[in-house]
Amino acid sequence: MSTPRLEIDLDKIRHNTHTLVGRLAERGISVTGVTKATLGSPAIADALLTGGVRALGDSRIENIETMRRAGVQATMILLRTPIPSQAAQVVAHADVSFNTELAVVSALSSAAGAVRRTHGVVLMVELGDLREGIMPADLEHAARRTLYFPHVVLRGIGTNLACRSGVSPDARNMSELTALAEALETALGVTIDIVSGGNSSNLDWALGAGDTGRVNDLRLGESILLGREPLHRQPIDGLHTDAITLVAEAIESKVKPSQPWGVIAETAFGNQPPPRDRGDISQVIFALGRQDTDPDGLRPPPGLTVLGSSSDHLIVDSGHERIRAGDEISFQLNYSALVRAMTSPFVAKVVTTLGGRAMSQATHVIQG
Ligand SMILES: *Cc1c(COP(=O)(O)O)cnc(C)c1O
């Protein structure tokens, strides 16, 4: 099989989904499965749906279109505030979008009216991470105005933390979200159906001891696909951390000094700290680089250490392992490495099911 390739185990993804959906159901929270790291792969979308997610969310309308065209049956939510010039595409393919600008809501209402549809709007609130969101003091006004647009319906409110500034979801900001939902209901006489508390970084809070209040939805991507929570990148109990792995092939294996020699200037990708002198090491080069993935986000198997990378090479100290040119090694990925590998045309994507058995029958290549 060609390398580099992402190996995607649908059974493990389904297991991770089912496990998180079950744990959150006990807390009154349903799950929106987030597909953006998968480029809207219909096979992965199906695994999320059979694992029990209530809806699918993606940040890009193109990915939602891919899933729709493949016949994926689900409520589709556009998670990034729509690009105004894509309003017609958004109402055509997404049932709901997350919004922060009344001008965009207005454009969605016009576009929906033109095709006799109603589009759902979730208003996003800023609770401190300083990415998207209406300031809390302005939420009531935005919600009131949203109710006036004829072809959109206000479905709920949401927030997103941790992604830009690392602000952790906690009892304080989550109870503020509950209070905002209740204040809107009182002020406007509406029911706020969806109170979407955040992404995978909300899991510690959601599965902790405290009250979850009105929060009834989390949008989960990373935790399902990689089995880790993003705040501390710790494995989540009972989940697979290898549902998706990146397989690379060795192209050179030599014993070399651990330190470079000659006059040292900048590297192709800026300065790197000088390596520690450990004498001679077993250095292996894999045909995998920054055009394929984020090398800083790779976790090699035990015994191997990533030393450096360039656009096309990953340099690894293979320790006591004997690796020769042509050998394949599987790396685990963080979210950044996963997204880059998924979007690289140089990386094949191989989906397996049946617990990795029957690879030849059950394997199909999404692209690449
Ligand atoms: C990407 C994204 C998510 C999912 O985040 P994960 O950390 O992958 O769970 C949720 N909400 C929004 C708005 C997003 O952009």
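Keep in mind it's a predicted model, so treat the numbers as computed, not measured.

S.K.: Explanation requested: the overall build of the chain in the structure shown.
M.R.: Looking only at helices and strands, the chain has 11 helices and 17 strands in total. Relative to the globule expectation of 21 Å for 368 residues, the C-alpha radius of gyration of the chain, 23 Å, shows essentially globular dimensions. Counting only C-alpha atoms and orienting by the principal axes, one finds that the chain spans roughly 75 × 45 × 40 Å. By the burial criterion, 49% of the 368 residues in the chain qualify as buried.

S.K.: I would appreciate a short explanation of the pairing of strand β13 (residues 305-309) in the present structure.
M.R.: Where a strand is regular, its side chains alternate between the two sheet faces. For β13 and strand β14 (residues 314-317), the ladder comprises four bridges, and the chain directions are antiparallel. Residue pairing across strands places Gly308 opposite Ile315, the latter belonging to β14. The antiparallel hairpin formed by β13 and β14 contains four residues in its connecting segment.

S.K.: Got a minute to help me understand unusual backbone geometry in this structure?
M.R.: Leave glycine aside and you will find that most residues have negative phi; peptide bonds, for their part, are mostly trans. Backbone torsion omega between Thr3 and Pro4 reads -10°, so that peptide bond is classified as cis. You can see Pro4 is positioned in the segment before β1 (5-9). Phi angles above zero are rare outside glycine, and Ala162 is one such case at about 75°. The residue Ala162 is located in the loop between β7 (152-159) and α7 (171-188) in this model. Relative accessible area serves as the criterion here: at 18%, Ala162 is assigned to the buried category.

S.K.: Help me understand the pattern of salt bridges, please; the structure alone is not making it clear to me.
M.R.: Note on pairing: side chains with opposite charge can pair once their charged atoms come close. On inspection of all chains with the given rule, the structure shows 14 salt bridges. The partner of Asp11 in a salt bridge is Arg14, with the nearest N and O atoms 3.0 Å apart. With Asp11 and Arg14 both in helix α1 (residues 10-25) and three residues apart, the pair spans about one turn of that helix. For Arg14, a relative accessible area of 28% corresponds to the partly exposed category.

S.K.: Help me understand the packing of aromatic side chains in this model?
M.R.: How two aromatic rings sit relative to each other is given by the distance of their centres and the angle of their planes. For the structure shown, the criterion picks out one aromatic pair. For the pair Phe286 and Phe331, a centre-to-centre distance of 5.6 Å together with 90° between the ring planes defines the contact as edge-to-face. One end of the pair, Phe286, is in strand β11 (residues 280-286); the other, Phe331, is in strand β15 (residues 328-333), and 45 residues separate them in sequence. Neither Phe286 nor Phe331 differs from the other in exposure class; each is buried.

Here is what the cut-offs are and how they apply
Residues numbered from 1 in each chain as written. Predicted model: local features only at pLDDT ≥ 70, side-chain atom pairs only at ≥ 80, totals over all residues. Heavy atoms only, no water. Helix = DSSP H or I, 4+ residues; strand = E, 2+ residues; numbered from the N terminus. Rg over C-alpha atoms; globule rule 2.2 N^0.38 Å. Buried < 20%, exposed > 50% of the residue type's maximum accessible area, 1.4 Å probe, protein only. Pairing = 2+ DSSP bridges. Salt bridge = Lys/Arg side-chain N within 4 Å of Asp/Glu carboxyl O. Phe/Tyr/Trp six-rings, centres within 6.5 Å; stacked < 30°, edge-to-face > 60°.

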